[in-house]
Amino acid sequence: MSTSRWIAFLLAAFALSATAASAQQVPLATEMRIEGLLRYDDAIPRPEDVLGHQIGTRHTETHLVVEYFESVARVSERVRVREHGLTHEGRPLVHAVVTSPANHARIDEIRLANYRLSDAPGSLTGSELAEMPTIVFLGYSVHGNEASGTEAALLTLYHLAAGSGPAVDSILANVVVVIDPMLNPDGRNRFVGWVNQNRGSVHTTDSQDREHREPWPGGRTNHYWFDLNRDWLPGRQPESRARLALFHYWRPQLVADFHEMGGDATYFFQPGIQSRTNPNTPGLNQELTAEIARYHARALDELGQLYFTEEVFDDFYYGKGSTYPDVNGAVGILFEQASSSALESETRNGPLPYAVTIRNQFATSLSTLAAAHDLRIDLLAASSEFYSNASRVVGGFGVGAYVLDLTRGMDRALELAEILILHRISIHELADSVSVAGRRFAPGQALLIPADQPQGRFLRAAVERVTSFRDSLFYDVSAWTLPLAYDVELYELAAVEDGVGPLYVPGARSSGSATDQPGEGVALVVPWDGLPAAAFLSRIQREGISARIMTRPITAELTSGLASYDAGALIIPLDQPEKGRQTVMDLAGRLAAESGTEARLALSGLTPEGPDLGGRSSVILDRPRVALLTGPGTSSTRSGEVWSFLTERLALPVSLLDLETIPSADLERYDVIVFAGGSAVDSLLGTLVDWVGAGGRLIAMGSAVENVAAAGPVELSEIELNIDSLTASAPWADRGAARGAHVVGGAILEVELDATHPLSFGIGSSVPVFRGTSTFFEAPIGASIVGRYAKAPVLGGWVSAERLSLIPGSVAVHVESKGQGTIVLLADEPVFRGFWMGSARLLSNAVMLGGLF
């Protein structure tokens, strides 16, 4: 029996059972017995045997998903279940490897042979390819409240583990299937708990019912409210790091990424909009995507399910689950099912039961496996060709290697190196000195990244600056250049000379160091080098040790000689109340090393140059008490980025303060309140302005700046762009695209800073920022602005010419006094998606050093 006929039999049975069942209960054929065509092994537990409910009649809890996978693995020779990581909340990330027992017996041999496709593609003969199974990665529900995918994963596992017959046996013999049923367990747990707890024994389809109205922040995101589907490239979250390790362990040829979209839609599968395909993606990739689409179309046609392709969604940003594979020698496929949101919802297409959404996701799971089986040789050959052509493609860029500067911002440079290594990029130490761009780097001062390596195309896509595009619309961001995100220098070297050193190993070197040994000194001096110093300050203050900061540059006499420090140097006096000198020395040494900075002993408070250590330019810093605005009216993703940054990176306790509680909250408990994004109502902002006047510090960023400016507590005026007049002549069919072309949906801009202002300490005179909104502001004449956009501001990404003309000189960073307090405005998103560590220093300075301004 062919795989196509196998799918047709299954789906026909689903359709029959659906017509005979209620909308709430659509049996998904786990009880099917098609004698002679498909049989099921009674030794394999059905999902309902373990879950306690039939799939589609309830949302399955996360622990039951894991329990079912483990139950099947205990009795099936086809299934091996492994844990590949833990979430922030300690939930296991599990996957199943499903294939024939014969393949399992030589699974390491299969995996290592598969590595040759990328590591040594020219070494494989046609006959060897003909014997290799394809490897397929099925990833479900990276957005936790797009729940139908996980249920489909349970059914897929059951059918592969229990079913037998020519078609399923052939798939098991020729395909290794890696099933990740829950890419985001923490988010799913939030969502499933809500809908199951707010549903009666007889469900309702009323969209105003509590079950249908998931509260803020929703289950889409993980514990820190990160969108994990945008984290494949940055790799900042534990779920993403575990997933990347799993992906590169197996190096699949086909990846299926199962999502949901608005309930009034139908079903989407790729290909997406062709003009928005990333140019680093080979044409063969899109040809295979189109061929595979025919399998999905046939499966959904059997069900009478409408669908669409080549609209709405694109393949540009490489940080998503369906596009990341495209630059890793695989074919990624996005699936988007209209969401029921609850057990059943009313839509413009009629009632939509949860069970039907699961059925469709299961159908395309089966069609994916059928395509992987039938197109096995094509997929393997495409992967081999991707890597075989890597040297030629990379050679066309005219770069022999990249030199990563460690002399400026070593902490950020090493973090960037760590991210690249997550993606199988090989990075080397310098064996000899190297000259590039008028600079000479000795061993230890830089890292060398050869351009010609298997992952060379990915490397290029991660570091290149792109400002010209075939299309002016993007489903996601138009720029993500990693060196700009980390504000580090990555130089292009035309050719790799002799002297490439050993592979760099993360953690082998550290940018921090302990203190000198105790002596006759008076204080420890710590350079304000950005995030490491901020983390050190937070930790030392938590230990009850007082710290000062120098507001002007100094030269200090250290045990090792004279040393110059820029403005912002921290001074830790050794004589502290109830703390002995040795205690201060020991704590500072340990915390400096942990934070990635250095603490050195100053022999005297009298400085050869600059103000003395105890003068008016030496300001005592108080540990900030921080609240973050959350809840309805704020952006959960922007708030989550800040929450994660302040707690995980700076070790600060953060109070999450819902907007609705502000009128009744005791705001005197907080020195700093951060508004990370959203649209709070004016009356609530009025309460915050009163708090600022009494001495508080309000930090607003991104879209929150627009809200604060519109409410009137700061004197900023929006720079208007009349889009209506710009698009009036466009044909009606093109008018939406014409308007969209003027949206700044994700570009990289350069901001010029007043380097003497405390917000610029540890940064310098300019910094790249991520711009995710389209509103720009001008300040009143005579206002002292900390940061303005440069004359040629665009470093990467799309900005229309009309919009671009408004940007130079407009406000990027602004501080305004109100009574006894201040309002700090950061017009961009300083910790965007958790990997913009260059501009994150603006936020850390605003939080930690606000007492200076």
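Here the structure is a predicted model, which means the values were calculated and not measured. (Residues numbered from 1 in each chain as written. Predicted model: local features only at pLDDT ≥ 70, side-chain atom pairs only at ≥ 80, totals over all residues. Heavy atoms only, no water.)

## Here's the deal with the overall build of the protein
Counted only if it meets this: The secondary structure listing takes helices from DSSP runs of H or I that are at least 4 residues long and strands from runs of E that are at least 2 residues long, numbered from the N terminus. Relative accessibility under 20% of the residue-type maximum defines a buried residue, over 50% an exposed one, and the middle range a partly exposed one, all with a 1.4 Å probe and only protein chains included. Any pair of residues with heavy atoms lying within 4.5 Å of one another is described as a contacting pair. Each accessible area is a Shrake-Rupley result for a 1.4 Å probe, and residues are judged covered by the shown protein chains and nothing else. Under the counting rule used here, the positive set is Lys and Arg, the negative set is Asp and Glu, and His together with the chain ends is not counted. Throughout, a charge is located at the NZ atom of Lys, the CZ atom of Arg, the CG atom of Asp or the CD atom of Glu.
Along the backbone of the protein there are 26 helices and 36 strands. For the protein, the spread of C-alpha atoms along the three principal axes comes to 95 × 65 × 65 Å. Looking at the protein as a whole, 62% of its 853 residues are labelled buried. Restricting the contact set of the protein to residue pairs at least 6 apart, pairs at least 24 apart contribute 78%. Surface summary for the protein: the accessible area is close to 30,600 Å², and the carbon and sulfur share equals 48%. Side-chain charges of the protein comprise 66 positive and 99 negative groups, with the mean position of each set lying 1 Å from the other.

## Thoughts on unusual backbone geometry
Cis geometry is found at the peptide bond from W216 to P217, where omega equals 0°. By secondary structure assignment, the location of P217 is in the loop between α9 (185-197) and α10 (238-250). In this structure, D487 is a non-glycine residue whose phi angle is positive, near 50°. With respect to the secondary-structure elements, D487 resides in the loop between α17 (482-485) and β17 (490-493).

## What to know about the pattern of salt bridges
The cut-off we apply is this: Each reported salt bridge corresponds to a side-chain nitrogen of Lys or Arg within 4 Å of a carboxyl oxygen of Asp or Glu.
Within the structure shown, the criterion is met by 30 salt bridges. The salt bridge partner of R220 is E146, with a shortest N-O separation of 3.3 Å. Taken as a pair, R220 in the loop between α9 and α10 and E146 in the loop between β4 (134-140) and α7 (148-162) lie far apart in primary sequence, 74 residues in all. When its relative accessible area of 8% is taken as the criterion, E146 is described as buried. The closest approach of N and O atoms between R638 and E641, which form a salt bridge, is 2.7 Å. With R638 and E641 both in helix α20 (residues 636-649), this residue pair falls three residues apart, about one helical turn. Taken individually, R638 and E641 each receive the classification buried, so the pair is uniform in this respect. The structure contains a network of salt bridges with shared partners spanning E146, R220, D227, R230, D476 and R833.

## Things to note about the sheet that holds strand β35 (residues 811-818)
We count it as follows: Pairing between two strands is assigned when DSSP locates at least 2 bridges connecting them. Here the axes come from fitting lines to C-alpha atoms, over the contacting stretch only for helices, and the angles between their N-to-C directions go from 0 to 180 degrees.
With mixed pairing, nine strands are arranged side by side in an open sheet as β27-β26-β28-β29-β36-β35-β34-β31-β32. With one partner strand each, in any of the chains shown, β27 (654-658) and β32 (766-771) form the two edges of the open sheet. Going across the sheet, the axis of each strand differs from the next one's by a mean of 25°, ignoring polarity. The pairing of strand β31 (residues 747-753) with strand β34 (residues 785-796) spans five bridges and is classified as antiparallel. The residue bridging E752 from the neighbouring strand is R788, located in β34.

## With respect to the pairing of strand β20 (residues 547-550)
The pairing of β20 with strand β25 (residues 618-621) spans four bridges and is antiparallel. Residue pairing for β25: A547 is matched across the bridge by L621. Pairing between β20 and strand β23 (residues 570-573): two bridges, direction antiparallel. Bridge assignment links R548 to a residue of β23, and that residue is I571.

## Some words on the sheet that holds strand β16 (residues 446-450)
Pairing is antiparallel across the open sheet formed by five strands, whose spatial order is β17-β12-β16-β13-β18. Of all strands in the sheet, those bounded by a partner on one side alone are β17 and β18 (500-503). For this sheet, the mean angle separating the axes of adjacent strands, direction not counted, is 35°. With four bridges joining them, strand β12 (residues 401-405) and β17 adopt antiparallel strand pairing.

## Description of the packing of helix α11 (residues 283-303) against helix α13 (residues 376-388)
Between two packed helices, the angle of one axis relative to the other and the distance separating the axes together describe the packing. Operational definition: Every angle not falling under 35 degrees, over 145, or within 65 to 115 is termed oblique; those three ranges are roughly parallel, roughly antiparallel and roughly perpendicular. A clockwise turn of the near helix away from the far one marks a right-handed crossing, whereas an anticlockwise turn of less than a right angle marks a left-handed crossing. Under the scheme applied, nonpolar residues are Ala, Val, Leu, Ile, Met, Phe, Trp, Tyr, Cys and Pro; charged residues are Asp, Glu, Lys and Arg; polar residues are all the others, including Gly.
The contact between α11 and α13 brings their axes to 11 Å, and the two run at 165°. Our classification of the angle between α11 and α13 gives roughly antiparallel. Relative to α13, α11 is oriented so that their crossing is left-handed. Contacts between α11 and α13 involve L284, L288 and I292 on the former and, on the latter, D378, L379, A382 and E385. A per-class count over the contact of α11 with α13 returns five nonpolar, no polar and two charged.

## Considering the side chain of S635
By the secondary structure assignment, S635 is in the loop between β26 (626-630) and α20. A relative accessible area of 17% places S635 in the buried class. Excluding residues that lie within four positions of it along the chain, S635 makes contacts with W216, G677 and G678.

## Describing the pairing of strand β36 (residues 821-826)
Most of β36 is tucked away, with six of its six residues classed as buried. Burial along β36 is two-sided: the residues G821, I823 and L825 and T822, V824 and L826 are all buried. Bridge count for strand β29 (residues 697-701) against β36 is five bridges, and the pairing is parallel. Counterpart to M701 in the pairing with β36 is L826. Relative to β36, β35 is paired through six bridges, and the arrangement is antiparallel. Looking across to β36, one finds that S817 is bridged to T822. Between the antiparallel neighbours β35 and β36 lie two residues, among them G819 with a positive phi of about 60°.

## Overview of the nonpolar core
Keep this limit in mind: What makes a nonpolar core is a set of buried Ala, Val, Leu, Ile, Met, Phe, Trp, Tyr and Cys residues whose side-chain atoms join them at distances within 4.5 Å.
Among the nonpolar cores identified, the biggest contains 131 residues, and W528 and I699 are the most heavily contacted of them. Beyond its immediate chain neighbours, meaning those up to four positions away, I699 contacts V672, I673, V674, F675, V824, L826, L843, A846 and V847. Core analysis: the next-biggest nonpolar cluster, separate from the first, contains 68 residues, F69, V81, L343 and L369 among them.

## Topic: the confidence of the model for the protein
Defined as follows: pLDDT is a per-residue confidence score from the predictor, ranging from 0 to 100.
Overall, the predicted model of the protein reaches an average pLDDT of 91, with 94% of residues at or above 70. In the predicted structure, residues 12-37 sits below a pLDDT of 50 and forms 52 contacts with residues beyond four places in sequence or in another chain.

## Focus: the side chain of T368
If you trace the backbone, T368 turns up in helix α12 (residues 354-374). Dropping the residues within four chain positions of it, T368 is found in contact with V136, L138, L254, A256, H296 and F335.

## Describing the packing of α7 against α12
Running from amino to carboxyl end, α7 crosses α12 at an angle of 50°, the nearest separation of the two axes being 8 Å. Taken as axis vectors, α7 and α12 run oblique relative to one another. Considering how the two elements wind past one another, α7 and α12 form a crossing that is right-handed. Side by side, α7 and α12 meet where S148, G149, E151, A152, L155, T156, H159 and L160 of the first sit next to Y354, T357, I358, Q361, F362, S365 and L369 of the second.

## What to know about the environment of I699
Relative to the helices and strands, I699 resides in strand β29. Judged by its relative accessible area of 0%, I699 is buried. I699 sits 26 residues away from I673 along the chain, and the two C-alpha atoms are 6.3 Å apart.

## Some thoughts on the packing of aromatic side chains
Two descriptors summarise a pair of aromatic rings, namely the distance from one centre to the other and the angle between the planes of the rings. Just so we agree on the cut-off: Any two rings among Phe, Tyr and Trp, with Trp reduced to its six-membered ring, count as a pair given centres within 6.5 Å; such a pair is stacked if its planes are under 30 degrees apart, edge-to-face if over 60, and tilted if neither. For a ring to carry a charge above it, either NZ of a lysine or CZ of an arginine must fall within 6 Å of the ring centroid while also lying within 35 degrees of the normal to the ring plane.
Counted by the stated rule, this structure contains 28 aromatic pairs. Between the aromatic rings of Y224 and W643, the centroid separation amounts to 4.7 Å while the plane-to-plane angle is 70°, which identifies the pairing as edge-to-face. With Y224 in the loop between α9 and α10 and W643 in helix α20, this pair connects stretches of sequence that are 419 residues apart. For the pair Y224 and W643, a shared accessibility class is recorded, and that class is buried. Relative to Y324, the ring of W232 has its centre 5.2 Å away and its plane inclined at 40°; by these criteria the two rings are tilted. In this pair, W232 is assigned in the loop between α9 and α10 and Y324 in the loop between α11 and β9 (331-338), connecting sequence segments 92 residues apart. With respect to class, W232 is no different from Y324; both count as buried. Grouped by ring-pair contacts, the aromatic residues F316, Y317, Y318, F469, F474 and W480 constitute a single cluster. The ring of Y115 carries the charged tip of R251 above its face, separated from the ring centre by 3.8 Å. Directly above the ring of F776 sits R771, whose terminal nitrogen or CZ lies 4.0 Å from the centroid.

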